[in-house]
Amino acid sequence: MNISDTKATLSFSDGSPSVDMPIYKGTIGPDVVDIRKLYAQTGKFTYDPGFMSTAACNSSITYIDGDKGELLYRGYPIEQLAVNCDFLETCYLLLNGELPNAEQKATFSDTVTKHTMIHEQMNFFFRGFRRDAHPMSVLVGTVGALASFYHDSLDINDAKQREISAIRLIAKLPTLAAMAYKYSIGQPFMYPRNDLSYSANFMYMMFGNPCEEYKVNDVLVRALDRILILHADHEQNASTSTVRLAGSSGANPFACIAAGIACLWGPAHGGANEAALNMLKEIGSVENIPAFIEKVKDKNSGVKLMGFGHRVYKNFDPRAKLMRETCHEVLNELGLQDDPLFKLAMELEKIALNDEYFVSRKLYPNVDFYSGIVQSALGIPTSMFTGIFAMARTIGWIAQWNEMIADPEQKIGRPRQLFIGSPVRDVPAIDKR
């Protein structure tokens, strides 16, 4: 952070003394006003529900410019990373700040691959869940339980142990996610294979079975890999902030990631692609689209166009174009262009991209619209969509957690409040006779 030559001055109309606060400049993006001493100097807090105008940390990992439709991982545009890198290269970048050279990539990939197995006792842990338990419920429990098995990497003040925990989490999330799916359908768990890539291994564990050989489809594997890259990190969102807040107390990394998974489970955060797919199913057929569009335009109907527009990106979601290309590649590879659901999705996309109502409001299809279609085409059930999101976002969470632990300015999170309850009052005398 670089301190600005100018300062912010806060004045009060009640005659209280004004206070000067330093302004810091980042590499890019808005300047920030340092209000850390505000309460000590004025006896007042700021009020910012949802932290919409509050920077709770400094970070060098991910940058978003919603107005420009820009997403950078360590300075690299997401459009370039998704085309030129695989997921493990992206993981290395987020963890270490630079893309790996050939030797570093080989070492990192080999290390992750050799940590994909989980402790055999975890197999029995799954039996405590109902078969119809939501995969996110299973992931919250099993990821948190990892701390029971890896006491050798729980010292958060040891950089080497933090590195080991990071590798374990990246490596084991696909195994646990696939096990959650297999358990839900009553099929045997598939042990990971060291000869497969990260994404191919996950698909093998999801869809393979002991009765026949699993054949890797490179187009489908690349599609999954791209989904993981595009969802790897997204700055200080709700789940990332949850991981940081949990980590600020000194909690172990497995507990912190489990907290992030719990937050991601919320439909306002990780369930957007599932909501988009459910919307398509409710529309039913291409013939019903015009009537649906009219309901969307009617503010009193309560009908929303899911998977279009984005809270952060005011122009367009830079991930959407990449996911759109992947979507069409997958549908072509699987011969699903005429599948009723996917045909409906493509027609809705076409109408929304050309309808003045949506274009003027910049309600373009976002990454969730396409990723739900792609995952459905891959054979992934909607109940697993958020689990795969968690699998992708784990690298972002652990990179952000690791950065926070190493930050000398970081303190335990303690938001303030505007109290609107009853003032001090006395407990009335009670006749105990």
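Residues numbered from 1 in each chain as written. Predicted model: local features only at pLDDT ≥ 70, side-chain atom pairs only at ≥ 80, totals over all residues. Heavy atoms only, no water.

- Naming follows an unreviewed UniProt entry, where the protein chain appears as Citrate synthase of Massilia aurea.
- Quoted straight from UniProt, the Pathway (unreviewed entry) entry for the protein chain says "Carbohydrate metabolism; tricarboxylic acid cycle; isocitrate from oxaloacetate: step 1/2."
- Here the protein chain is described in UniProt, under the heading Sequence similarities (unreviewed entry), as follows: "Belongs to the citrate synthase family." (UniProt positions renumbered as here; feature names shortened; annotations may be inferred.)

**A closer look at the overall build of the protein chain**
Next up, step 1: The helix and strand inventory of the protein chain stands at 18 helices and 6 strands.
Next up, step 2: Against the compact-globule benchmark of 22 Å for 433 residues, the protein chain has a radius of gyration of 24 Å, which places it among compact chains.
Next up, step 3: Within the protein chain, the proportion of its 433 residues that are buried is 46%.
Next up, step 4: Restricting to contacts in the protein chain with at least 6 residues of sequence separation, those with at least 24 account for 69%.
Next up, step 5: Charge centroids of the protein chain, computed over 43 positive and 49 negative side chains, lie 6 Å from each other. (Helix = DSSP H or I, 4+ residues; strand = E, 2+ residues; numbered from the N terminus. Rg over C-alpha atoms; globule rule 2.2 N^0.38 Å. Buried < 20%, exposed > 50% of the residue type's maximum accessible area, 1.4 Å probe, protein only. Contact = heavy atoms within 4.5 Å. Lys, Arg positive; Asp, Glu negative; His and termini not counted. Charge placed at Lys NZ, Arg CZ, Asp CG, Glu CD.)

**Re the packing of aromatic side chains**
Next up, step 1: Inspection of the entire model under this criterion finds 13 aromatic pairs.
Next up, step 2: With centroids separated by 6.0 Å and ring planes inclined at 65°, the aromatic side chains of Phe125 and Phe129 adopt a geometry described as edge-to-face.
Next up, step 3: A residue is classified by how much of its surface remains accessible, and Phe129, at 16% relative accessible area, is buried.
Next up, step 4: Their ring planes at 80° and their centres at 5.2 Å tell us that Phe369 and Tyr370 sit as a pair that is edge-to-face.
Next up, step 5: Cation over ring: Arg131 sits above Tyr183, and NZ or CZ is 4.1 Å from the ring centre.
Next up, step 6: Across the ring face of Tyr204, the terminal group of Arg193 is positioned such that the distance to the ring centre comes to 5.0 Å. (Phe/Tyr/Trp six-rings, centres within 6.5 Å; stacked < 30°, edge-to-face > 60°. Lys NZ or Arg CZ within 6 Å of the ring centre and 35° of its normal.)

**Brief notes about the UniProt feature "active site" (unreviewed entry) in the protein chain**
Next up, step 1: The UniProt record annotates "active site" (unreviewed entry) at His310 and Asp368. A maximum C-alpha distance of 9.6 Å among these annotated residues, which run over 59 residues, shows that they cluster at one spot.
Next up, step 2: Positionally, His310 belongs in the loop between α13 (289-297) and α14 (318-334).
Next up, step 3: A relative accessible area of 24% means that His310 is categorised as partly exposed.
Next up, step 4: Its location among the elements puts Asp368 in helix α17 (residues 367-377).
Next up, step 5: By relative accessible area, which is 11% here, Asp368 ends up buried.

**Examining unusual backbone geometry**
Next up, step 1: The phi torsion at Arg74 lies on the positive side, around 50°, for a residue other than glycine.
Next up, step 2: Turning to its location among the elements, Arg74 is positioned in the loop between β5 (70-73) and β6 (76-77).
Next up, step 3: In this model, Glu235 sits at a positive phi of 60°, which is unusual for a non-glycine residue.
Next up, step 4: On the secondary structure map, Glu235 appears in the loop between α9 (218-230) and α10 (238-247).

**Observations regarding the packing of helix α8 (residues 198-207) against α9**
Next up, step 1: Closest axis-to-axis distance for the α8/α9 pair is 8 Å, and the angle between their directions is 110°. It follows from the interaxial angle that α8 and α9 lie roughly perpendicular. Residue-level contacts link Tyr198, Ser199, Ala200, Phe202 and Met203 of α8 to Leu220, Val221, Leu224, Asp225 and Leu228 of α9. (Axes fitted to C-alpha atoms, helices over the stretch in contact; angles between N-to-C directions. Parallel < 35°, antiparallel > 145°, perpendicular 65-115°, else oblique.)

**Topic: the sheet that holds strand β4 (residues 62-65)**
Next up, step 1: Taken together, the 3 strands give an open sheet; going across it, the order is β4-β5-β6, and neighbouring strands pair in antiparallel fashion. Edge positions in the open sheet fall to β4 and β6, since each of these has one partner strand only.
Next up, step 2: In this sheet, β6 lies alongside β5 in antiparallel orientation, the contact comprising 2 bridges. In the strand pairing of β6, Leu72 is matched with Pro77. (Pairing = 2+ DSSP bridges.)

**Comments concerning the pairing of β4**
Next up, step 1: Burial of β4 is two-sided: the residues Thr62 and Ile64 facing one way and the residues Tyr63 and Asp65 facing the other way are all buried.
Next up, step 2: Where β4 lies against β5, 4 bridges are found, and the strand directions are antiparallel. Pairing of Asp65 across the sheet is with Glu70, part of β5.
Next up, step 3: A loop of 4 residues connects β4 with β5, the two strands running antiparallel in sequence, and Gly69 in this loop sits at a positive phi of about 70°.

**A short note on the pattern of salt bridges**
Next up, step 1: Per the stated rule, a full pass over the model turns up 16 salt bridges.
Next up, step 2: Among the ionic pairs, Arg130 bridges to Asp132, the shortest N-O distance being 2.9 Å.
Next up, step 3: Taking the relative accessible area as the measure of exposure, Arg130 reaches 61% and is therefore exposed.
Next up, step 4: Judged by its relative accessible area of 56%, Asp132 is exposed.
Next up, step 5: In this structure, the salt-bridge partner of Asp355 is Lys297, at a minimum N-O distance of 3.0 Å. Highlighted residues: Asp355 in the loop between α15 (340-354) and α16 (356-360) and Lys297 in helix α13, separated in sequence by 58 residues.
Next up, step 6: Residue classification places Lys297 among the partly exposed positions, given a relative accessible area of 26%.
Next up, step 7: Through salt bridges with shared partners, a single ionic network connects Asp34, Arg36 and Glu409. (Salt bridge = Lys/Arg side-chain N within 4 Å of Asp/Glu carboxyl O.)

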